[in-house]
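# Report on the structure
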Amino acid sequence: MIRKAKLSEIESILNLTRACAKAMIKNNIYQWNDDYPSHQAFEEDIKREELFVYAQGEKITGTIVISTLRDEIYEHVNWLTPVNTNSIYIHRLAVHPDLQGQGIAQQLMNFAESFAKENKYVSVRLDTFSRNPRNNIFYTKRGYQKLQEIYFPKQSKFPFYCYELVF
C-alpha cells in the first residue's frame, strides 16, 4: 500500500534509507551518506505532504518524494520542457535492500507517474547518481531521457544525471 508518510514514521524511514546507503556503499556506490537523506529533509517533505511510503502492514519498505519544488541546482539544467513548466520532481526513492528486485520501486514510480498525469503535470524530473548503473538502467527502461550532469559536493565528487519523462 502506498500512502502519505507521517511525522511519527521518520525514524523508520531513516532506518530504511540508512540500510540503503549501507548497501550502496558496500557496492562502491557513494550516492547517500550520513548527511543525506536527513531527518530535516524528510520532516520538510512530510510537512509539504510530498513524502509517500510503501507499507506492508505496519512495516515501511519503500519511500518516494513527489514534489513540485524545483531545487536551485536544477535551474541550469536543459530540461526537455521549459524550466517553469508544470513538472514534478522525484526525490529519495528507496526500497529496503532485503526487498529490492520485487517490483516495489516500479510500483512507487507507477504511483508517481500516475499522480503526475492525473494532476495535469507535463513531465516528471529526477536525478540519480552516475555511478549507480542499476538506477540509470531502471529510469531509462521506464522511458526517461538522460539529460545532463549536476553535482552535489556533500554527497560525492562524481556527477548525478538528470532525467525527464515527458507525457
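Above this note sits the structure.
Residues numbered from 1 in each chain as written. Predicted model: local features only at pLDDT ≥ 70, side-chain atom pairs only at ≥ 80, totals over all residues. Heavy atoms only, no water.

### What to know about helix H4 (residues 133-141)
- Turning to H4, its buried residues are Asn136, Phe138 and Tyr139. In a view along the axis of H4, the buried residues occupy a sector of 160 degrees, so they form one face of it. Looking at H4, the residues exposed on the side facing more than 90 degrees away from the buried face are Pro133, Arg134 and Lys141.
- In this structure, the buried side of H4 is in contact with strand S4 (87-95), helix H3 (104-118), strand S5 (123-129) and strand S7 (160-166).
- Gly143 sits one or two residues past H4 and shows a positive phi near 100 degrees. (Buried < 20%, exposed > 50% of the residue type's maximum accessible area, 1.4 Å probe, protein only. Helix = DSSP H or I, 4+ residues; strand = E, 2+ residues; numbered from the N terminus. Arc of directions from axis to C-beta. Contact = heavy atoms within 4.5 Å.)

### Considering the packing of aromatic side chains
- Under the counting rule described, the total for this entry stands at 12 aromatic pairs.
- Arranged with centres 6.3 Å apart and planes meeting at 70 degrees, the rings of Trp32 and Tyr36 form a pair that is edge-to-face.
- When its relative accessible area of 6% is taken as the criterion, Trp32 is described as buried.
- Put simply, the rings of Phe129, Phe152, Phe158 and Phe160 pair up and form one aromatic cluster.
- The ring of Phe158 carries Arg131 above its face, with NZ or CZ at 3.7 Å from the centroid. (Phe/Tyr/Trp six-rings, centres within 6.5 Å; stacked < 30°, edge-to-face > 60°. Lys NZ or Arg CZ within 6 Å of the ring centre and 35° of its normal.)

### With respect to the nonpolar core
- Ile64, Ile90, Met109, Tyr139 and Tyr144 are the most contacted members of the largest nonpolar core, which totals 23 residues.
- Residue assignment for this core shows that the elements contributing at least two residues are strand S2 (51-56), strand S3 (59-67), S4, H3, S5, H4 and S7.
- A total of 5 residues in this core trace back to one element, the largest contributor, which is H3.
- Excluding residues that lie within four positions of it along the chain, Ile90 makes contacts with Ile64, Val65, Ile66, Met109, Ala112, Val124, Arg125 and Leu126.
- Counting residues in each nonpolar core, the second largest holds 16 residues, with Leu16, Ala21, Ala94 and Phe152 among its members. (Core = buried A, V, L, I, M, F, W, Y, C linked by side-chain atoms within 4.5 Å.)

### Some remarks on the pattern of salt bridges
- Under the counting rule described, the total for this entry stands at 9 salt bridges.
- Asp45 is paired through a salt bridge with Arg92; the nearest N and O atoms lie 2.9 Å apart. Taken together, the residues span a long stretch of sequence, with Asp45 in helix H2 (residues 39-47) and Arg92 in strand S4 at a distance of 47 residues.
- Its relative accessible area of 0% is what places Asp45 among the buried residues.
- Among the residues examined, Arg92 registers a relative accessible area of 11% and is labelled buried. (Salt bridge = Lys/Arg side-chain N within 4 Å of Asp/Glu carboxyl O.)

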